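Per-entry structural report
Below, each chain spelled out in residue letters.
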Amino acid sequence: MKAFDKLPVHVGLIMDGNGRWAQKKHMPRSFGHNAGMNTMIKLAAHASGLGIKYLTVYTLSTENLSRPQDELDGLFALFRGYFKTNVKKLYKKGAAVKIIGDISPLPDDVQTLLKEGESGSPADAEFTLVFAINYGARSEIVRAVNLAVERGEKVTESDFAATLYTGGIPDPDLIIRTGGEVRLSNFLTYQAAYSELYFTDVLFPDFGTREFDKALKEYERRDRRFGKIKK
Ligand code: FPP
């Protein structure tokens, strides 16, 4: 028997609450990000096992880049570790990695690892883990507008969508935000026009596969009409 009658093709995940999770344990925020990374690794394996095709994880927003340097250094250390080792485990399972966002302000070695992570990915992947890093939807949209202006051509919705960082990836069917806030915080604004939204108070490190399945069950119950009337 199938676990779910209706499954999203693409899930977006706003991984909020790592800092508060750590603070509750009287630990530094970096401890929370490390725990969050472990949760993310489990969720990616779970999502791909279920047959979800894309999981986009909001790893660092453009706004997050103004966080204290020691917190950023902790996150960059996690990226280094993950992209040196874990990414190869994904390839072995036939999964790919894609980066969206402007990684140019990141340390050079981290940029290199992220690019290698993408280029080493299998071409015919059944599952893609998309990392939004120094990503902001507004700057993504402005960048796409400027590309269109440079080409000097009017754009259609579909060729505009193709110029976004997510070009070629279907819009997210479901966006999950952990950590209690009820907003999208500059995440996939253009692509989220018809996404189903799921918010939970659970802090991200505690958002395991059971919690993920609860979100999928809720998605299963949603009636997606895309502005049309039900026949
Ligand atoms: C938001 O929680 C989370 C982040 C800014 C970082 C998310 C990063 C990870 C889960 C690690 C991913 C690792 C790799 C290798 C891709 P917050 O710190 O804003 O939490 P708070 O709202 O409780 O302060």
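Up top is the structure.
The text that follows walks through the structure, step by step, so that each part is easy to find. What you see is a predicted model; the values in this text were computed from it and never measured.

Here we look at the pairing of strand E6 (residues 196–199)
Residues Glu196 and Tyr198 line the buried face of E6, whereas the alternating positions Leu197 and Phe199 sit on a face that is not buried. Inspection of the sheet shows strand E5 (residues 174–177) paired to E6 by four bridges, in the parallel sense. Each bridged residue has a counterpart across the sheet, and for Arg177 the counterpart in E6 is Phe199.

Notes on the packing of helix H2 (residues 29–50) against helix H3 (residues 69–92)
Two numbers describe how H2 lies on H3: the axes approach to 9 Å, and their chain directions differ by 30°. Accordingly, the angle class assigned to the pair H2 and H3 is roughly parallel. At the point where H2 passes H3, the crossing takes the right-handed sense. From H2, Arg29, His33, Asn34, Met37, Met40 and Ile41 reach across to H3, where they touch Glu71, Leu75, Leu78, Tyr82 and Asn86.

A look at the packing of aromatic side chains
Scanning the entire structure with this criterion turns up 11 aromatic pairs. Aromatic pair Tyr194 and Phe226: ring centres 5.6 Å apart, planes at 50°, arrangement tilted. Of this pair, Tyr194 sits in the loop between E5 and E6 while Phe226 sits in the segment after helix H7 (209–221), and the two are 32 residues apart along the sequence. Note on Tyr194: relative accessible area 49%, which makes it partly exposed. We classify Phe226 as partly exposed; its relative accessible area is 43%. Of the aromatic side chains, those joined through ring pairs into one cluster are Tyr58, Tyr135, Tyr165 and Phe187. The ring of Tyr219 has Lys6 lying over it, and the distance from NZ or CZ to the ring centre is 5.0 Å. For Lys25, the ring lying beneath its charged end belongs to Trp21, and the centroid distance is 4.6 Å.

Observations regarding the pattern of salt bridges
Inspection of the entire model under this criterion finds 12 salt bridges. The partner of Arg20 in a salt bridge is Asp16, with the nearest N and O atoms 3.5 Å apart. Of the residues examined, Arg20 reaches a relative accessible area of 35% and is grouped as partly exposed. Across the pair Asp16 and Arg177 runs a salt bridge whose closest N-O atoms are separated by 3.0 Å. Of this pair, Asp16 sits in the loop between strand E1 (10–14) and helix H1 (18–24) while Arg177 sits in strand E5; the two residues are 161 residues apart in sequence, bridging distant segments of the chain. Through salt bridges with shared partners, one network takes in Glu196, Glu218, Arg221 and Arg222.

Parameters and conventions
- Residues numbered from 1 in each chain as written.
- Predicted model: local features only at pLDDT ≥ 70, side-chain atom pairs only at ≥ 80, totals over all residues.
- Heavy atoms only, no water.
- Buried < 20%, exposed > 50% of the residue type's maximum accessible area, 1.4 Å probe, protein only.
- Helix = DSSP H or I, 4+ residues; strand = E, 2+ residues; numbered from the N terminus.
- Pairing = 2+ DSSP bridges.
- Axes fitted to C-alpha atoms, helices over the stretch in contact; angles between N-to-C directions.
- Parallel < 35°, antiparallel > 145°, perpendicular 65-115°, else oblique.
- Left-handed = near helix turned anticlockwise from the far one by under 90°.
- Contact = heavy atoms within 4.5 Å.
- Phe/Tyr/Trp six-rings, centres within 6.5 Å; stacked < 30°, edge-to-face > 60°.
- Lys NZ or Arg CZ within 6 Å of the ring centre and 35° of its normal.
- Salt bridge = Lys/Arg side-chain N within 4 Å of Asp/Glu carboxyl O.

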